[in-house]
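# Breakdown of the fold
Spelled out from the first residue to the last, the chains are:
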Amino acid sequence: MLTETKTKARGLADLPPIQSDSLLELIALCNADPRPDKIDVGVGVFRDATGNTPILKVMKEAERRLLDTQVTKAYLGSAGDKRFAELLRPILLGPHAEDDRIVGLQTPGGCGALRLGFELIAAVNPEARVFVGTPTWPNHPPIIRAVRLGIEEYPYYERGQATIRFEDMIAALEGGEPGDVALLHGCCHNPTGADLSEDQWREVVRVVSERGLLPLIDIAYQGFGRGLEEDAFGVRLMLDACDEVIIAQSCDKNFSCYRDRVGSLFVKTGSHEDTAKAMGHVFHRAREMWSMPPDHGAACAHIILEDPELRARWLVELDAMRDRINSVRQRIAAADPRLAFIGKQFGMFSMLPLSKEQVLKLRSDHAIYMADSGRFNVVGMGDDQLDRFTAAVVGALDA
Ligand code: LMR
C-alpha cells in the first residue's frame with residue numbers, strides 16, 4: 001500500500017520574528033521623537049557645525065561633470081568601475097600600489113566589501129575561525145555568521161578605563177591556527193575610537209604572520225583619524241609582512257556619500273596568478289549577490305581622484321572634516337576629567353562608561369540618542385547642542 005507523504009508547505013507567515021539591527025532601530029526611534037531639541041549621536045555620519053551632513057562641494061562638482069559627460073549607463077560588470085579601484089590604490093596601499101599580487105574591485109560600500117571578503121574566506125576554508133575584537137561594529141558578527149564561519153572573540157577595549165586590552169588581544173590571537181582570520185580595524189576603531197599605536201600594530205602583524213592567520217582589515221574611515229596617509233599605517237605594515245591579506249575599504253565617509261554605497265575590496269595572495277584565481281571566486285560571489293555595484297558614487301569619486309584640481313579640493317574638505325572631529329573631541333574632553341580620554345582617540349566614535357539604563361535615561365530625559373553600548377558619534381551634533389550634550393553626560397556620570 002502506498003503511503004501518502006504530505007509535507008506541509010510553509011508560508012512567509014511561518015517565519016519567526018527577527019531582532020532588528022540595533023543601529024537601524026536607533027535611527028528610527030530618533031526620527032520618531034518629536035522633541036525639536038533631540039540630539040542624534042547614534043549612527044555614524046559626519047555632521048558639520050550646523051548639524052548637517054553636507055554633500056562635499058567637490059562631490060557636487062563631480063556630479064555636475066558626470067551629468068554633463070556621461071554618455072551611457074550600460075553595464076560595467078561585476079568589478080564595477082575598474083579605474084575607480086585603480087585610483088584608490090596609492091591612497092590605500094601606498095608603496096604597495098604597484099604590487100600585481102594585489103587586485104581590487106568596486107563594492108557596494110564597505111559592508112559589501114566585508115561580505116565579499118568573508119565569502120572568499122568561507123569558500124577556501126569553511127572551518128576558519130574569525131577572531132573578532134570585543135567590542136566591534138555590531139554588523140561584523142552577523143556578516144560572519146551569514147557565511148557560516150565561526151567566531152572567536154578577542155578582548156579589545158576596557159570601557160571603564162578607556163584602554164586597549166592589548167596583552168589580552170595578543171594572547172587571544174596567539175591561540176589562532178593557520179588559516180584562522182584576524183578581523184582588524186584599520187583606523188578610527190568603531191565603536192571605541194581607540195586605535196592601535198604603531199608599536200601595537202607591529203606586534204599584531206608579528207603574531208598574525210607567525211601564527212599564519214589571514215588578516216582581514218576593515219578600513220572605513222581613512223582620513224578621519226590622524227590623516228589619510230597615517231591612517232593606512234596598519235594596512236601597509238600588514239602588506240609588508242604577509243602574503244595573504246584582505247582589505248575591505250569604504251569611501252562612504254571620507255567622500256561623505258554614505259547612501260551612494262561606495263567601497264572596494266582588495267585581495268593579496270603570494271602570486272599574481274593565485275590572486276587572479278581568488279578574484280575569479282570574488283567576481284562569482286559578487287555576481288550572485290548584487291551582480292554589479294551601483295555606479296554613481298564611485299563614478300564621482302573616480303572623477304575627483306582623476307583630476308588633480310578636484311583631488312586637491314577633496315583633500316582640503318577631508319582635512320576640514322577631520323579637524324572638526326578632533327576639535328569636537330577636545331571640547332568634550334575638556335568638559336570633565338572623566339571625559340579626557342575622548343581627546344586622545346580617533347575618528348567619529350567613542351564609548352562612554354554608561355550603563356544601558358543610563359543611556360536609556362539620557363534618551364528619555366534629554367532626547368539624546370546613542371547606542372545602548374554607550375557608543376556615540378562625536379560629530380553627530382551641531383555646535384549649539386554640544387554644551388547640552390556634555391552637561392547631560394556629566395550629569396549621568398555623577399548620578
Ligand atoms: C555606524 O557604525 O554607525 C555606521 O557604520 C553605519 C552603519 O551602517 O552601521
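Look up a bit, the structure's there.
Being a predicted model, the structure only gives us computed values, none of them experimental.

### Focus on the pairing of strand β8 (residues 214-219)
Remark: a regular strand shows side chains that alternate across the two faces of the sheet. By the criterion of burial, β8 is predominantly enclosed, with 6 of the 6 residues buried. Burial of β8 is two-sided: the residues L214, L216 and D218 facing one way and the residues P215, I217 and I219 facing the other way are all buried. In this sheet, β8 lies alongside strand β7 (residues 181-185) in parallel orientation, the contact comprising 5 bridges. Bridged to A182 within β8 is P215. For the crossover that starts at β7, traverses helix α7 (residues 198-211) and ends in the parallel β8, the hand is right-handed. Relative to strand β9 (residues 245-250), β8 is paired through 4 bridges, and the arrangement is parallel. In the sheet register, L216 faces β9, and the bridge partner there is I246. With helix α8 (residues 233-241) bridging β8 and its parallel neighbour β9, the resulting β-α-β unit is right-handed.

### Some points on the site of the ligand
Contacts to the ligand come from L23, V43, G44, W137, N190, Y221, K253, F349 and R375. In the model, an oxygen atom of the ligand is placed 3.0 Å from a nitrogen or oxygen of the W137 side chain. Y221 places a polar side-chain atom, nitrogen or oxygen, 3.5 Å from an oxygen atom of the ligand. Relative to its unbound accessible area of 260 Å², the ligand is 76% covered by the protein chains. The class makeup of the residues in the shell around the ligand is 5 nonpolar, 2 polar and 2 charged.

### Brief notes about helix α1 (residues 22-32)
For an α-helix, 3.6 residues make a turn, and residues three or four places apart therefore share a direction. Listed in full, the buried residues belonging to α1 are L23, L26 and C30. Relative to the axis of α1, the buried residues are bounded by an arc of 50 degrees and lie together on one face. In α1, the exposed positions that point more than 90 degrees away from the buried face belong to L24, N31 and A32. Contacts from the buried residues of α1 go to β1 (39-40), α12 (356-366), β12 (368-369) and β13 (375-377).

### Concerning unusual backbone geometry
Of note, the bond from T134 into P135 is cis; its omega dihedral lies within 30 degrees of zero at 0 degrees. Note that P135 resides in the loop between β3 (129-134) and α5 (140-146). The omega torsion of the bond from N190 to P191 falls at 25 degrees, within 30 degrees of zero and hence cis. Its place among the elements puts P191 in the loop between β7 and α7. Look at S291: it is not a glycine, yet its phi comes out positive at around 65 degrees. Take S291: it is sitting in the loop between α9 (272-289) and α10 (296-306). A positive phi angle, close to 55 degrees, is found at A367, a residue other than glycine. Structurally, A367 can be placed in the loop between α12 and β12.

### What to know about the sheet that holds strand β2 (residues 102-108)
The sheet built from 7 strands is open, its strands ordered β2-β10-β9-β8-β7-β3-β4 with mixed pairing. Across the chains shown, the open sheet's two edge strands, defined by having one partner strand only, are β2 and β4 (150-155). Adjacent strand axes in the sheet meet at a mean angle of 20 degrees, parallel and antiparallel pairs treated alike. Relative to strand β10 (residues 262-268), β9 is paired through 6 bridges, and the arrangement is antiparallel. Counterpart to A248 in the pairing with β10 is L265. Packing against the sheet, helix α6 (residues 166-174) makes contact with β3, β4 and β7, and its axis sits at approximately 150 degrees to β4. Packed on one face of the sheet, α8 meets β2, β7, β8, β9 and β10 and runs near 160 degrees to β8.

### A closer look at the state of the cysteines
One pass over the full model with this rule turns up 0 disulfides. Unpaired in this structure, C188 has its nearest cysteine sulfur neighbour in C187, at a distance of 3.9 Å. Residue C188 is classed as buried on the basis of its relative accessible area, which comes to 1%. The thiol of C257 is not disulfide-bonded; the next cysteine sulfur, from C251, is found 6.6 Å away.

### With respect to the packing of aromatic side chains
As enumerated under the stated definition, the model contains 5 aromatic pairs in all. Between the aromatic rings of F46 and F224, the centroid separation amounts to 6.3 Å while the plane-to-plane angle is 55 degrees, which identifies the pairing as tilted. A residue pair is termed long-range when its members are at least 10 positions apart, and F46 in the loop between β1 and α2 (57-69) and F224 in the loop between β8 and α8 qualify at 178 residues. With respect to class, F46 is no different from F224; both count as buried. Plain terms: the ring middles of F255 and W314 are 4.3 Å apart, the flat faces sit at 10 degrees to each other, and that makes the pair stacked. With F255 in the loop between β9 and β10 and W314 in helix α11 (residues 308-334), this pair connects stretches of sequence that are 59 residues apart. Here F255 falls in the buried class, since its relative accessible area comes to 1%. An aromatic cluster of at least three residues, connected via ring pairs, comprises F46, Y221, F224 and F349. Taking the ring centre of F346 as reference, the NZ or CZ of R226 above it sits at 4.0 Å.

### A word on the nonpolar core
Counting residues in each nonpolar core, the largest one holds 94 residues, and the members touching the most others are V204, M238, W314, I332, M370 and F389. One finds A113, L114, L214 and V267 within the second-largest nonpolar core, a separate group that totals 30 residues.

### Section: α12
For α12, the complete set of buried residues consists of V359, L362 and R363. In a view along the axis of α12, the buried residues occupy a sector of 95 degrees, so they form one face of it. Across from the buried face of α12, at angles greater than 90 degrees, the exposed residues are E357 and K361. Its buried side turned inward, α12 meets α1, β12 and α13 (383-398).

So, how was this worked out
Residues numbered from 1 in each chain as written. Predicted model: local features only at pLDDT ≥ 70, side-chain atom pairs only at ≥ 80, totals over all residues. Heavy atoms only, no water. Buried < 20%, exposed > 50% of the residue type's maximum accessible area, 1.4 Å probe, protein only. Helix = DSSP H or I, 4+ residues; strand = E, 2+ residues; numbered from the N terminus. Pairing = 2+ DSSP bridges. Right-handed = clockwise from strand over helix to strand, strands pointing away. Near = heavy atom within 4 Å. Polar contact = N/O pair within 3.5 Å; in protein donor to acceptor, adjacent residues only side chain to side chain. Areas by Shrake-Rupley, 256 points an atom, 1.4 Å probe, with all protein chains shown as cover. Nonpolar A, V, L, I, M, F, W, Y, C, P; charged D, E, K, R; others polar. Arc of directions from axis to C-beta. Contact = heavy atoms within 4.5 Å. Axes fitted to C-alpha atoms, helices over the stretch in contact; angles between N-to-C directions. Disulfide = S-S within 2.5 Å. Phe/Tyr/Trp six-rings, centres within 6.5 Å; stacked < 30°, edge-to-face > 60°. Lys NZ or Arg CZ within 6 Å of the ring centre and 35° of its normal. Core = buried A, V, L, I, M, F, W, Y, C linked by side-chain atoms within 4.5 Å.

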